[in-house]
Structure formats: C-alpha cells, structure tokens
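As a plain string of letters, each chain reads:
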Amino acid sequence: MFFGVTSRSARGISAAVALLAIGAVGCGDAIDSAKAGAKKAIRQRSVFSLTPGDCYNPNSGATASQEFSVEIVPCGEAHKGQVVGEFTIKGESAYPGDDGATKIADKQCPVESQKFISDTWAVPAGVGLFYYYPTSETWKTGDRAVSCTYAKESGTFSGSLENKSLNADQLAYLKGSNAVYEALWNNQPEADQIEDDLAGYKEQAEAVSAALNAHVTGLKSLQQPETTKLRARLTETADAWEEAASAGSIDDFYIAYDLAFTGIDPSGTVAARKELKLATTVPADDAEVWAN
C-alpha cells in the first residue's frame, strides 16, 4: 500500500535531472534524454490533485512509503497504476494514525473502486488495490482525502480499468455478486476464532444472508441456463447463511457455516460468468482463500 502523501512537488528535481544528462551523453542521445525528461516533468502532478480515471507512474516506486507527486500518462501508454476512486475521511476529530487510516481505506476503497471497476475479475494479473492517504502533517492542514488506486508492483499494464461496455444482465449479476462479498469482508469479526466471538460471526452471517437473498432476487430476470442453476444453488446457500445467523450453539454454527462459506466459493460462478461473457479467471487472492 502507499503509506502517505505530501504537498512537495518533484517538478524542479525532474527538470534538473534532464538538464544534467546533456553533459553526460552524446548530442543526439542528450536531446532525446532531455526531451524525455522534460516530458516527464510536464506530466508531474501533486498527489492531492489525483482524480478517478487518472493513469500514472509513481516517482518513488509502486509501494514507496511516501509519494510527493506522480507522472500522469495517457491510459493507452504503459503505466504502473490508475486512480479508481476517492473519498474523504469523516468522523475523525484527530488523526487516526497510520493504522487507523489504513483500516479506513481498507474498508472504503473496495467500495469506491467498484463504482469504477464493476468486474474486478477483469483486472490484469499482478494489479492490486493500493491507496494514498493523509499523513499526520497533512492532516493538520485539513487534508482528509484518500485516493484509491489499482497498481502493479512489478512491471506495467496498458489501458483503462474502467468497465464501460457492460450490458444490463452483466451489471445486474455484478451488482449482486459484489454486494455478497462486500458483506462478507466488511463484517469480518475481529476475533480469528469463532469461539471468541460467536455473536460477531452470527452478525456477519446475517449480513451475507441478506446480500445473498437480494442477489438471488436480482438474478430472477436472467434466464440463461447456467445463471438459473447458479440462482438455485445460491438460494440454498442463503438458507445456510440464515441458519448460521440463528444458530443456538457453536456446533450448530460450524455445521451451517461450513455449507454457507463453501456455497459462495467464487469458482462455482465461473460457468454463469462465461455464459454472461464476463471474466472467468478467479482472482488469485480469492482462489487462495477458498482453497484453504
């Protein structure tokens, strides 16, 4: 993740590097180097001015602890990242600290990014969610902005990540599916063991059950064979989540939860996704979760 931002501009530094290069190489190479340096300098923008849709190259590396400015590039060019959402931290009278700020971003950035990228399965391999958030110093000046980005730690990618050409059936499916996993992860109890927080896990189950029921209702308008099969399976899965939410004992919860969690394994949606002409490769992180 990106660990903070400052208002310092790197434009002057980049320009100086371009000028110094002229004396170190041949005339032709020097001109090319100067042009490249000047082009990069012109493209510099403060991290405070990033907006959704911007494709960029960080000046300090994709996972640097702080970034002063970034190079904005056309999305058709190779780049390290793209801004996919933004929000303002609210309800905090004092700086929440690095841990607090990242916790807020961890929860909100996936929500904001879905407004830009409806189908996260279509994101290129190796591209993950990162964000810029205020430091303690910029917080004092009124900075509360968080920029959510998808970036690649190693290598680059080309093209915008924005989903613009999805049809009504695809959007209906993704809306419901995204809400299910959002309910699962956003209601994750603090305790790793169910025995330590049964009430918290039951609340999570209730939230996932509600999201699943809404998803099943949304799928009724989709009449393709594989999607119809998926709807039937998810109906049974929603019942399992409901049983987990109302479990009277830990043993009852475990029995229901095992069926419920297995029922939302993303690999079980591949056939319906293929039918709907959506991406069909389960993201590596999700695949690992259900494999374990």
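Residues numbered from 1 in each chain as written. Predicted model: local features only at pLDDT ≥ 70, side-chain atom pairs only at ≥ 80, totals over all residues. Heavy atoms only, no water.

Colleague: Quick question: what am I supposed to make of the packing of helix α6 (residues 198–219) against helix α8 (residues 250–263) here?
Modeller: How two helices pack is summed up by the angle between their axes together with the distance between the axes. Relative orientation of the contacting elements α6 and α8 amounts to 35°, with a least axis distance of 11 Å. The two elements α6 and α8 meet at a crossing, and its hand is left-handed. Here L198, Y201, K202, Q204 and A205 of α6 come into contact with α8, specifically with I250, F253 and Y257. Across the contact of α6 with α8, the residue classes tally to six nonpolar, one polar and one charged. (Axes fitted to C-alpha atoms, helices over the stretch in contact; angles between N-to-C directions. Helix = DSSP H or I, 4+ residues; strand = E, 2+ residues; numbered from the N terminus. Left-handed = near helix turned anticlockwise from the far one by under 90°. Contact = heavy atoms within 4.5 Å. Nonpolar A, V, L, I, M, F, W, Y, C, P; charged D, E, K, R; others polar.)

Colleague: Is there a simple way to think about the state of the cysteines in this case?
Modeller: Between two cysteines, a covalent bond joining their sulfur atoms is known as a disulfide. Applying the stated criterion to the full structure yields two disulfides. Through a disulfide, C55 is tied to C75; the S-S separation comes to 2.0 Å. Across the S-S bond of C55 and C75 the torsion is about 95°, and the bridge reads as right-handed. Of the two residues, C55 is situated in strand β2 (residues 55–58) and C75 in the loop between β3 (69–73) and β4 (81–88); the sequence distance between them amounts to 20 residues. For C55, a relative accessible area of 1% corresponds to the buried category. (Disulfide = S-S within 2.5 Å. Buried < 20%, exposed > 50% of the residue type's maximum accessible area, 1.4 Å probe, protein only.)

Colleague: Got a minute to help me understand the pattern of salt bridges in this structure?
Modeller: Pairing of side chains with opposite charge becomes possible as their charged atoms draw close. In the structure shown here, the tally under the stated rule is six salt bridges. A salt bridge links D119 to R273; the shortest N-O distance between them is 3.1 Å. Taken together, the positions of D119 in the loop between α3 (97–114) and β5 (127–132) and R273 in helix α9 (residues 270–275) put the pair 154 residues apart, joining distant regions of the chain. For the pair D119 and R273, a shared accessibility class is recorded, and that class is buried. Measuring nitrogen to oxygen at the nearest pair gives 3.5 Å for the salt bridge that ties E226 to K229. (Salt bridge = Lys/Arg side-chain N within 4 Å of Asp/Glu carboxyl O.)

Colleague: Please clarify how the nonpolar core should be interpreted in this entry.
Modeller: A general feature of soluble globular proteins is that nonpolar side chains tend to end up buried together. Judged by nonpolar contacts, the single largest core of 32 residues is most densely connected at Y173, L184, V208, L212, W241, F253 and I264. Those elements that provide at least two residues to this core are α5 (168–186), α6, α7 (225–245) and α8. Looking at which element gives the most residues to this core, the answer is α6, with seven residues. Every residue in contact with Y173, bar those within four places of it in the chain, is listed here: H215, L219, L222, L230, T269, R273, L276 and L278. Counting 18 residues, the second-largest nonpolar core is a separate cluster that includes F87, I89, V123 and V127. (Core = buried A, V, L, I, M, F, W, Y, C linked by side-chain atoms within 4.5 Å.)

Colleague: What's the story with the confidence of the model for the chain in this structure? I'm lost.
Modeller: Any residue range with low pLDDT should be treated as having predicted coordinates unsuitable for detailed reading. When pLDDT is averaged along the chain, the result is 83, and 84% of the positions lie at 70 or above. The lowest-confidence element of the chain is helix α1 (residues 11–20), averaging 26 in pLDDT; the highest-confidence one is α9, averaging 97. Segment residues 1–27: pLDDT under 50, and 58 contacts once partners within four positions in sequence are set aside and those in other chains are kept. In the model, residues 30–38 has pLDDT below 50 throughout and makes seven contacts with residues more than four positions away in sequence or in other chains. (pLDDT = per-residue confidence, 0-100.)

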